[in-house]
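Working through the structure, step by step
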Amino acid sequence: MPTLTKLFTMEEASQHNTKDDCWVVIDGKVYDVSSYLDEHPGGDDVVLAATGKDATDEFEDAGHSKDARELMEKFFIGELDSTSPPIPELEIVKKAAKNIPQKVKEITKQYWFIPVAVVGISVVVGFLYTRKK
Ligand code: HEM
């Protein structure tokens, strides 16, 4: 039977990141907690800080009770579309991070003579200094 659960991309969920319009993604599920922010015993700031990403770890780290887990079902609005790509900005950061080892290799290849020159000059200066004595 087809499921009626609404699917959201992480990009879409991440746009709801304000006090009046706040969605969190926990364990692949999307919750609209806008109406609960003021009542949240952990404060609204922690929840707001957990928007725009998978907040499962933050939620679990806070050690939420069984009651909290039951309560959250009231705010369930859909599931995360696992086939959708993560937030594009994050992808760009990830891609840039992937390139770092490659860049280090390139720079090492280009500027290999600098450490060699430093060592060479030190040896010559050291040699001249000891000869003077
Ligand atoms: C649907 C989402 C959420 C619901 C319904 C919820 C509900 C609750 C409830 C009922 C408590 C009181 C303690 C308990 O019964 O466990 C609590 C505490 C807390 N929550 Fe949440 N919470 C949600 C999401 C989050 C998120 C995303 C964070 C992110 C870090 C968070 C952080 C905390 C913290 C730090 C406390 C501890 C407060 C304290 O003991 O001083 N919660 N939450």
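Because the structure is predicted, anything quoted here is derived from the model rather than measured.

For the iron atom of the ligand, the full set of protein donor atoms is H40 (NE2) and H64 (NE2), and the range of their distances to it is 2.0 Å. Coordination at the iron atom of the ligand comes from six donor atoms whose angles at the metal span 85 to 179°, giving a geometry best classed as octahedral. Placement of H40 in the loop between β3 (29-32) and α2 (44-49) and of H64 in the loop between α3 (56-61) and α4 (66-72) is noted, with a sequence separation of 24 residues between them. Classification of H64 as partly exposed rests on a relative accessible area of 23%.

The next point concerns the pattern of salt bridges. This structure, assessed with the given rule, holds five salt bridges. In this structure, the salt-bridge partner of E58 is K53, at a minimum N-O distance of 2.6 Å. According to the relative accessible area criterion, E58 is partly exposed, its value standing at 36%. The partner of E60 in a salt bridge is R69, with the nearest N and O atoms 2.9 Å apart. The exposure class of E60 is partly exposed, given its relative accessible area of 38%. When its relative accessible area of 31% is taken as the criterion, R69 is described as partly exposed. Salt bridges sharing partners connect three or more residues here, namely K19, D38 and D44.

A contiguous patch of negative charge on the surface is contributed by D27, D54, D57 and D61. Of note, D27 is situated in the loop between β2 (23-26) and β3.

This part is about the UniProt feature "transmembrane region" (unreviewed entry) in the chain. As recorded in UniProt, the sites labelled "transmembrane region" (unreviewed entry) are residues 111-130. Helix makes up 90% of residues 111-130 and strand 0%, with an end-to-end C-alpha separation of 30 Å.

Lining the immediate environment of the ligand, one finds 15 residues, of which H40, P41, H64, S65 and M72 sit closest. Contact between the ligand and H40: a nitrogen atom at 2.8 Å from a side-chain N or O atom of the residue. Separating a nitrogen atom of the ligand from a side-chain N or O atom of H64 is a distance of 2.7 Å. Those elements that provide at least two residues to the shell around the ligand are α2, α3 and α4. Looking at the shell around the ligand, its residues break down into ten nonpolar, four polar and one charged.

Moving on, we get to a nonpolar patch on the surface. Judged by side-chain polarity, I107, Y111, W112, F113, I114, V116 and V118 come together as a nonpolar surface patch covering roughly 710 Å² of accessible area. The biggest single contributor to the nonpolar patch is helix α6 (residues 113-132), with four residues.

Going through the model one piece at a time under the given rule, you end up with five aromatic pairs. Seen from their ring centres, Y31 and F76 are 6.1 Å apart, and the 70° between their planes marks the pair as edge-to-face. Residue Y31 is located in strand β3, and its partner F76 is located in strand β4 (residues 76-80); the two are separated by 45 residues in the primary sequence. Residue Y31 is classed as buried on the basis of its relative accessible area of 3%. Residue classification places F76 among the partly exposed residues on the basis of a relative accessible area of 29%. Aromatic ring contacts, followed pair by pair, group Y111, W112 and F113 into a single cluster.

Conventions used here
Residues numbered from 1 in each chain as written. Predicted model: local features only at pLDDT ≥ 70, side-chain atom pairs only at ≥ 80, totals over all residues. Heavy atoms only, no water. Donors = N, O, S within 2.8 Å, 3.2 Å for Na, K, Ca; no water. Tetrahedral: all angles 85-135°; square planar, octahedral: opposite > 155°, others 65-115°. Helix = DSSP H or I, 4+ residues; strand = E, 2+ residues; numbered from the N terminus. Buried < 20%, exposed > 50% of the residue type's maximum accessible area, 1.4 Å probe, protein only. Salt bridge = Lys/Arg side-chain N within 4 Å of Asp/Glu carboxyl O. Patch = residues over 30% accessible without salt bridge, like charges linked within 9 Å, V, L, I, M, F, W, Y side chains within 5 Å. Areas by Shrake-Rupley, 256 points an atom, 1.4 Å probe, with all protein chains shown as cover. Lys, Arg positive; Asp, Glu negative; His and termini not counted. Charge placed at Lys NZ, Arg CZ, Asp CG, Glu CD. UniProt positions renumbered as here; feature names shortened; annotations may be inferred. Near = heavy atom within 4 Å. Polar contact = N/O pair within 3.5 Å; in protein donor to acceptor, adjacent residues only side chain to side chain. Nonpolar A, V, L, I, M, F, W, Y, C, P; charged D, E, K, R; others polar. Phe/Tyr/Trp six-rings, centres within 6.5 Å; stacked < 30°, edge-to-face > 60°.

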